[in-house]
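Spelled out, the chains give:
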Amino acid sequence: MLTSQVKPTPLSPRQNHLPPKHRQLPESLATCDWRTLFLSDITRQNSGLFAEFFQRCWAVVLPPEPDGLDIHWIAEENFQRFSEHWLAVTSDEEVWQEIRQRIQADAVEALSSIGVLIEAEQESPELRRRLKQVNVPPVRLGLSLLARDSLPHLETVRESGVALDMLIHHIEKSYGSWGTSLKLAYRVTTLKQYRQALTDAVEMIEGVDDPVETLSKIKHLVALHQSKAKPFSFLRDRTALVLYEIVSINANAGSKYVAKTRSEFWSFFRAGLIGGVFVAIFALLKLYIDVLGPPSLVRGFLYSVNYAACFILVDALGGTIATKQPAMTANLLGDELYRQEKWARPDSHAVAKLVARVFRSQLASLVGNVVMAIAVAALLVYLLNPVAALDDGVAKKLLDKNDVTTFPPILYAALAGVFLSLSGFIAGYLQNFVIYTRVTERYQWAHPHRVRRINALNYLRKKSAKISGSIVLGFFLGYANVMGNGLGIPIDIRHVAFSSAHLSLGGIWLLKFFEVLPHLLLNVAVIGSVNFVTSFLMTFGIALRARGLNSVELGKVLWGSTKLFLRRPWLYAFPFDEKQSAGQ
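None of these values were measured; they are calculated from a predicted model.

1. Regarding the overall build of the protein chain
And then number 1: In terms of helices and strands, the protein chain carries 24 helices and zero strands.
And then number 2: For the protein chain, buried positions account for 50% of its 584 residues.
And then number 3: For the protein chain, the proportion of contacts with a sequence separation of at least 24, taken over those separated by at least 6, is 82%.
And then number 4: Only carbon and sulfur atoms are counted for the fraction: they give 63% of the accessible area of the protein chain, which is about 27900 Å².

2. Thoughts on the packing of aromatic side chains
And then number 1: Counted by the stated rule, this structure contains nine aromatic pairs.
And then number 2: Measuring from centroid to centroid gives 5.9 Å for W266 and F269, while their planes differ by 90 degrees, and the two rings are edge-to-face. Of this pair, W266 and F269 both sit in helix 13 (residues 262-292), three residues apart, which is roughly one turn of that helix.
And then number 3: Residue classification places W266 among the partly exposed positions, given a relative accessible area of 42%.
And then number 4: A residue is classified by how much of its surface remains accessible, and F269, at 22% relative accessible area, is partly exposed.
And then number 5: For the pair F311 and F498, a centre-to-centre distance of 6.3 Å together with 85 degrees between the ring planes defines the contact as edge-to-face.

3. Things to note about the side chain of R130
And then number 1: Position of R130 among the secondary structure elements: in helix 7 (residues 125-133).
And then number 2: With residues up to four places along the chain from it excluded, the contact list for R130 reads I171, S174, Y175, W178, G179, L184 and Y436.

4. Here's the deal with helix 8 (residues 154-173)
And then number 1: Relative to the 28 Å expected for 20 residues at 1.5 Å per residue, helix 8 spans 29 Å between its end C-alpha atoms, a close match to the ideal helical length.
And then number 2: Within helix 8 the residues assigned to the buried category are L154, V157, S160, G161, L164, L167, I168, I171 and E172. Viewed end-on, helix 8 has its buried residues packed into an arc of 130 degrees, placing them on one side of the element.

5. As for the pattern of salt bridges
And then number 1: A full pass over the atoms with the stated rule returns nine salt bridges.
And then number 2: Taking the shortest distance from any N to any O, the salt bridge between D106 and R102 comes out at 3.5 Å. A residue pair is termed a helical-turn pair when its members lie 3 or 4 positions apart in one helix, as D106 and R102 do in helix 6 (residues 93-121) at four residues.
And then number 3: In this structure D106 comes out as buried when scored by relative accessible area, which is 1%.
And then number 4: The residue E126 makes a salt bridge to R187 at a minimum N-O spacing of 3.4 Å. Taken as a pair, E126 in helix 7 and R187 in helix 10 (residues 182-207) lie far apart in primary sequence, 61 residues in all.
And then number 5: Its relative accessible area of 17% is what places E126 among the buried residues.
And then number 6: Because the salt bridges share partners, they merge into one network encompassing E121, E126 and R187.

6. Topic: unusual backbone geometry
And then number 1: We note that N135 has phi near 60 degrees; this positive angle belongs to a residue other than glycine.
And then number 2: Inspection of the secondary structure puts N135 in the loop between helix 7 and helix 8.

7. Side note on the packing of helix 8 against helix 10
If you want to describe how two helices pack, look at the angle between their axes and the distance between the axes.
And then number 1: Between helix 8 and helix 10, the least distance of the axes is 11 Å, while the angle of their chain directions is 160 degrees. One element, helix 8, and the other, helix 10, form an angle in the roughly antiparallel class. Considering the relative orientation of helix 8 and helix 10, their crossing is left-handed. Counted together, L154, V157, R158, G161, V162, L164, D165, L167, I168, I171 and E172 of helix 8 and V188, L191, K192, R195, L198, V202, I205 and E206 of helix 10 form the full contact between these two elements.
And then number 2: Each residue belonging to the contact of helix 8 with helix 10 can be placed in one class, and the counts come to twelve nonpolar, one polar and six charged.

8. Thoughts on the confidence of the model for the protein chain
And then number 1: Of all residues in the protein chain, 75% attain a pLDDT of 70 or more, and the chain-wide mean is 78.
And then number 2: Within the protein chain, the element-level pLDDT minimum falls on helix 24 (residues 578-583), averaging 44, and the maximum on helix 14 (residues 296-316), averaging 93.
And then number 3: Segment residues 1-23 is flagged for pLDDT under 50; beyond a separation of four residues in sequence, or across chains, it makes 35 contacts in the model.
And then number 4: The low-confidence segment residues 579-584 (pLDDT under 50) makes seven contacts with residues lying over four places distant or belonging to another chain.

9. Description of the environment of E441
And then number 1: Of note, E441 is situated in helix 19 (residues 439-446).
And then number 2: On the accessibility criterion, E441 (28% relative accessible area) is partly exposed.
And then number 3: Each C-alpha atom of the pair E441 and N458 lies 8.9 Å from the other, and the pair is 17 residues apart in sequence.

10. A look at the environment of A497
And then number 1: Examined against the element boundaries, A497 turns out to sit in helix 21 (residues 496-509).
And then number 2: By relative accessible area, which is 2% here, A497 ends up buried.
And then number 3: Setting aside residues up to four positions removed in sequence, A497 forms contacts with V279 and A373.

11. With respect to the side chain of S504
And then number 1: With respect to the helices and strands, the residue S504 is situated in helix 21.
And then number 2: Overall, S504 belongs to the buried group, its relative accessible area being 0%.
And then number 3: Ignoring anything within four residues of it in the chain, the contact list for S504 reads I374, A377, A378, F513 and L520.

12. Topic: the environment of I168
And then number 1: Among the structural elements, I168 can be located in helix 8.
And then number 2: With 37 residues separating them in the primary sequence, I168 and L131 have C-alpha atoms 9.8 Å apart.
And then number 3: Excluding residues within four positions of it along the chain, I168 makes contact with V188, L191 and K192.

13. Structural notes on the packing of helix 17 (residues 392-401) against helix 21
And then number 1: Between helix 17 and helix 21, whose axes approach to 8 Å, the crossing angle comes to 135 degrees. Viewed along their axes, helix 17 and helix 21 adopt a mutual orientation that is oblique. The way helix 17 lies across helix 21 gives a crossing that is left-handed. Contacts between helix 17 and helix 21 involve D392, A395, L398 and L399 from the former and H502, L503, L505, G506, G507 and W509 from the latter.
And then number 2: Its residues assigned to classes, the contact of helix 17 with helix 21 shows six nonpolar, three polar and one charged.

Criteria and cut-off values
Residues numbered from 1 in each chain as written. Predicted model: local features only at pLDDT ≥ 70, side-chain atom pairs only at ≥ 80, totals over all residues. Heavy atoms only, no water. Helix = DSSP H or I, 4+ residues; strand = E, 2+ residues; numbered from the N terminus. Buried < 20%, exposed > 50% of the residue type's maximum accessible area, 1.4 Å probe, protein only. Contact = heavy atoms within 4.5 Å. Areas by Shrake-Rupley, 256 points an atom, 1.4 Å probe, with all protein chains shown as cover. Phe/Tyr/Trp six-rings, centres within 6.5 Å; stacked < 30°, edge-to-face > 60°. Expected span 1.5 Å × (residues − 1). Arc of directions from axis to C-beta. Salt bridge = Lys/Arg side-chain N within 4 Å of Asp/Glu carboxyl O. Axes fitted to C-alpha atoms, helices over the stretch in contact; angles between N-to-C directions. Parallel < 35°, antiparallel > 145°, perpendicular 65-115°, else oblique. Left-handed = near helix turned anticlockwise from the far one by under 90°. Nonpolar A, V, L, I, M, F, W, Y, C, P; charged D, E, K, R; others polar. pLDDT = per-residue confidence, 0-100.

Structure, rendered in C-alpha cells:
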C-alpha cells in the first residue's frame, strides 16, 4: 500500500540533462494527487449553473493559489514540453513503478468517489421525480467500499456504466411526453459528466502499465480541464441544455409533418389547399389595413393579429401553412442523426430517405398553399372588386415588392425564414413548459367539478405549440417592417404563401395575370426556397448543437441526400410508399 509521502528518488544519468527546476519531477509525480484528473471538474457540479459560471469568471480575474500536489498545476506550470519531460522521467524503471502505483491507487479512490456522486445525484428531487415517472430504478454502482490498494472488477464497473447510459437514455426520451426543465437538463448533464469520469478512471487503471499510453491520457484530461475552465466555453456548452429541451419537443411534433405513404402525401396536399384559401383572404385583409392608414405601432399590431389569426384558423380547420414545417422537421432529422450516432451504426441511406420524405411532404403542402392562394385571390378580385384596397398603383407595388430579380425580396425571404425558425423554438419551449408543469392535471386535481374549464385546458395543452407558434410568428412578421423603420434599417419579410396571393391580386387587377404568370411562378419558387432553406438550416444547425453533434453531420446528410437524388430523384417529388420505394 502506498504511503502519502514518497522519498525523493535519485535522478538517473538520463535525467541529469533536465533544467534544475524540473529535477524534482520524479518526486512530484509520485506524490501528487492524481484524483484531480477525474474529480476536479465534476466536484463543482453541485454548486449550480450560474455559480459555476461566476466561479470561472472570478478565477480568470484572480487565479487560485498554485497547489504543488495538483497534477493539473504540475502539468500546466512545470511542463512546457510535457511529452519530452514525461518520457525522460519514466525511463527510469524504479521511478516509473512508483508513479504507476500512485496513479493506479488514486484512480481507484477516484472511482469510489465517482460512484458515490452518481448515486447521490440520482437522489436529487428532479431526477427522483423523473425516474418515478418513467418507472426506471436508480443505478447502484456499489463502488463506495473500494479499498485504495485493491483493484475493482472492471467488467462489473463497465456493466454499471452501461446501465447508467440506459437510465440517461430513458430520461432524455421522456422529454417529449413529460417535458423537462433547465434544472432537470442540468442534472442529466451532470450525470453524463460523472459517467465520462467513470470511463476515464477505468481506462487509466487499465492503461497505466504503459507510460506512453498513460502520457496520452494525461494530456487529454489536462487539455479537457483547461477548456472547461474557460467561462464562456462553459456558458456556450450549457446553452445546449435549454436548446435540448426545446428540440426534443419539436422533434416529436416534426414526425407529424412527414408523409410516408400516398394517402398521407395527398392529405398534406389537401391541407395545403385549405391553408391557401385563408392565406388569400387574409392577404386581402392586410391591404385593407393599409387603407386605414394607422400609426406604425398600431399598423404593426394589426398586421400581427391578421397573420396570427390566419395561422390559428388554418390549423383549427385542419389546414397547414407549409413554411411552418421546416422548423419542426429539421429537429426530427437532428433527432434521427443523434439516435443513430449514439445507439447504432450510422445509416446514411436511411437518413437520406428521411430527407426525401421531408422534402416531398413540404412540397405537397407548399404546392397546395400556392395553387389555392393564387386561385382564391383571383376569385376575390372578380367577385368583390375591392376598389377600396386595390388600385393600379397598389397592384403594381405588389408585383414590384415581390420581384426576386432585385436583391431585397430575397433578403426579406431569408429574414422570414429566421423568424419561422425562432417561432418554432419559442413554441417548443412554451409547449415544454405546459407539459412539465402539468397545468391541466394539477387544475383537475384541485377543481375536479369544473369540467368545461378542464376541457378547455386539455385543448390548450394539445394545441399549445401550434397556437403559441402562430401568435409568435404572427408578431414577428407583423412588426418586422415597423421595427426596421424605427431603427432606420430597410427590414421587411416575404412569406411565400402571402407573396403568392399578393402577386395574384396584383396581376389579376392589372389584367395581366397570364402575362405575369411565368414571372409569378419564378418569384414564388425563389421566395419559397429561401424561406425553406433558411428556416431548415438554422433549425437543423441548432438541433445538432443541442445534441452535441457537429457540422460534419450536415455534410453527411447533404452527401447522402445528393446520392439518393441522383439515383432516384422521383422519391423527392412523387408519393411512393415504403414498399414501393424499396422495390425500386
